[in-house]
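Given next are the chains, with one letter for each unit.
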Amino acid sequence: MPDFYPWFKPVLWKLDAERAHRLALSALRAAPGWCLPFAGEDDGLETTVWGRSFSNPLGLAAGFDKHAQATVALYRVGFGFVEIGGVTLHAQPGNPKPRLFRLTRDHAIINRMGLNSVGAYAVAQNLSKHRRTPLPGPLAVNLGLNKGATDPPSDYGTLARVLAPYAEVLTINVSSPNTPGLRALQDPSKLMAIVDAVREASETATNTRHPTILVKISPDLDATDVADICELAVREGFDGLVVSNTTVARHSTLQSPQSAEVGGLSGQPLFEPSTSLLRYVYLRTSGKIPIIGVGGVSSASNAYEKIKAGAILVQLYSSLVFEGPALIGKIKADLRRLLRADGYKSIAEAVGADHRTGEPT
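Residues numbered from 1 in each chain as written. Predicted model: local features only at pLDDT ≥ 70, side-chain atom pairs only at ≥ 80, totals over all residues. Heavy atoms only, no water.

> Could you clarify how one ought to interpret the overall build of the protein chain in this entry?
Across its full length, the protein chain carries 13 helices and 13 strands. By the compact-globule yardstick of 21 Å for 361 residues, the protein chain fits well, its C-alpha radius of gyration being 19 Å. Oriented by its inertia axes, the alpha-carbon framework of the protein chain measures out at about 50 × 50 × 50 Å. A total of 361 residues make up the protein chain; the buried ones form 58% of that total. In the protein chain, the share of contacts with a sequence separation of at least 24, taken over all contacts with a separation of at least 6, comes to 74%. Just so you have it, the protein chain exposes about 15000 Å², and 53% of that area is on carbon and sulfur atoms. Treating the 37 positive side-chain charges of the protein chain as one cloud and the 33 negative ones as another, the clouds have centres 7 Å apart. (Helix = DSSP H or I, 4+ residues; strand = E, 2+ residues; numbered from the N terminus. Rg over C-alpha atoms; globule rule 2.2 N^0.38 Å. Buried < 20%, exposed > 50% of the residue type's maximum accessible area, 1.4 Å probe, protein only. Contact = heavy atoms within 4.5 Å. Areas by Shrake-Rupley, 256 points an atom, 1.4 Å probe, with all protein chains shown as cover. Lys, Arg positive; Asp, Glu negative; His and termini not counted. Charge placed at Lys NZ, Arg CZ, Asp CG, Glu CD.)

> For this particular structure, what's the right way to read helix α8 (residues 271-284)?
Given 3.6 residues per turn, any residue in an α-helix points the same way as the ones three and four places further on. Between its first and last C-alpha atoms α8 spans 20 Å; for 14 residues at 1.5 Å apiece the expected length is 20 Å, and the two agree. Among the residues making up α8, those that are buried are Phe271, Ser274, Thr275, Leu277, Leu278, Arg279, Val281 and Tyr282. Looking at the residues trailing α8, positive phi occurs at Ser286, about 55 degrees. (Expected span 1.5 Å × (residues − 1).)

> Any chance you could explain a negative patch on the surface here in plain terms?
The grouping of Asp187, Asp222, Asp225 and Asp228 at the surface amounts to a negative patch. Residue position: Asp222 is located in the loop between β9 (212-217) and α7 (223-235). Exposure remark for Asp222: the relative accessible area of 43% places this residue in the partly exposed category. (Patch = residues over 30% accessible without salt bridge, like charges linked within 9 Å, V, L, I, M, F, W, Y side chains within 5 Å. Salt bridge = Lys/Arg side-chain N within 4 Å of Asp/Glu carboxyl O.)

> Looking at this structure, how should I read the nonpolar core?
Across soluble globular proteins, you tend to see nonpolar side chains buried next to one another. Tyr156 and Leu163 are the most contacted members of the largest nonpolar core, which totals 96 residues. With sequence-adjacent residues up to four places away left out, Leu163 is seen in contact with Val87, Ala120, Val123, Ala124, Leu127, Val141 and Leu143. Counting residues in each nonpolar core, the second largest holds 6 residues, with Phe101, Leu103, Ala108 and Leu265 among its members. (Core = buried A, V, L, I, M, F, W, Y, C linked by side-chain atoms within 4.5 Å.)

> What exactly am I supposed to notice about the packing of α8 against helix α9 (residues 300-309) here?
Packed helices, taken two at a time, are described by the angle between their axes plus the distance between the axes. With their axes 9 Å apart at the nearest point, α8 and α9 run at an angle of 20 degrees to one another. Comparing their axes, α9 and α8 come out roughly parallel. For the pair α8 and α9, contact is made by Phe271, Ser274, Thr275, Leu278, Arg279 and Tyr282 and by Asn302, Glu305, Lys306 and Ala309, respectively. Partitioning the contact of α8 with α9 into residue classes produces 4 nonpolar, 3 polar and 3 charged. (Axes fitted to C-alpha atoms, helices over the stretch in contact; angles between N-to-C directions. Parallel < 35°, antiparallel > 145°, perpendicular 65-115°, else oblique. Nonpolar A, V, L, I, M, F, W, Y, C, P; charged D, E, K, R; others polar.)

As structure tokens, then:
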């Protein structure tokens with residue numbers, strides 16, 4: 001099927017970024033399958049992690065479908081898994097607008113959305129509608145925290161209890177830069193209380209298989225803090241880590257005038273720091289903790305670099321704004337070629353390859 005995104009992109013980009021996002025989400029939800037771009041083949045890209053099957057390692061990162069409005073359609077464009085949210089326990093509007101900015105020259109986005117959410121119960125209702133038939137891949141739900149929350153473990157636990165019945169994966173978001181005090185919860189003593197609450201709640205909420213529980217960390221942590229989290233993850237048997245969230249850092253090479261906006265930066269400028277952090281986390285955990293690599297993925301070579309650095313799965317989002325959904329099929333085709341060129345028969349064989357071959361880490 002032809003890629004229609006280049007035709008619609010000029011129209012979308014005449015709108016402010018948040019309005020364009022809402023329009024794109026609505027169009028995707030309403031689009032019949034015949035007008036979506038070719039999703040690409042999954043043969044040779046299948047992988048299994050946490051005992052769950054993924055048709056390919058590419059996932060949609062949190063932030064695009066916050067309220068689970070287009071979940072089914074997102075699999076149809078070729079993702080192996082989808083993460084919805086962030087979802088907060090209670091509905092909240094997020095930060096004042098404008099709060100989403102395109103950095104066109106840098107192929108980047110800055111957002112200070114502030115975890116705008118319709119709330120856990122409304123999202124659960126949306127998911128119950130979507131999931132009358134099984135989804136073609138695992139679903140992840142990103143768990144956020146209301147601004148001003150006074151008991152984070154209790155709130156995260158309640159979120160897990162409400163949403164666990166609909167999810168194969170729950171991601172604990174303690175690393176968004178847009179909620180005051182949230183990133184302080186990455187302190188190991190505070191983090192463990194939250195993980196325990198989510199574990200307990202998800203176990204009591206599901207009669208069948210319990211969801212996998214991941215922790216998403218910030219790229220702005222210093223090395224000591226990252227080492228402490230890695231030690232905790234290994235000692236306490238975390239299911240996995242997501243590396244990484246958006247950054248508040250601003251490199252001097254940024255060219256777009258919007259780069260001065262406050263908020264979390266994502267897109268191409270995040271690729272190097274997030275991948276460097278991924279390498280460090282893989283080494284500090286001795287490859288014992290499955291990692292999802294996120295940040296700046298816009299090509300198969302980007303995805304492959306994260307896999308070789310230690311990621312078992314890879315997520316993207318910002319690059320879709322610039323390239324459109326046809327990017328997914330292209331990445332899968334090119335990733336398959338990269339694997340074959342290096343003699344790998346599966347994604348799993350390539351995970352952490354850089355550390356085994358002595359390439360720079």
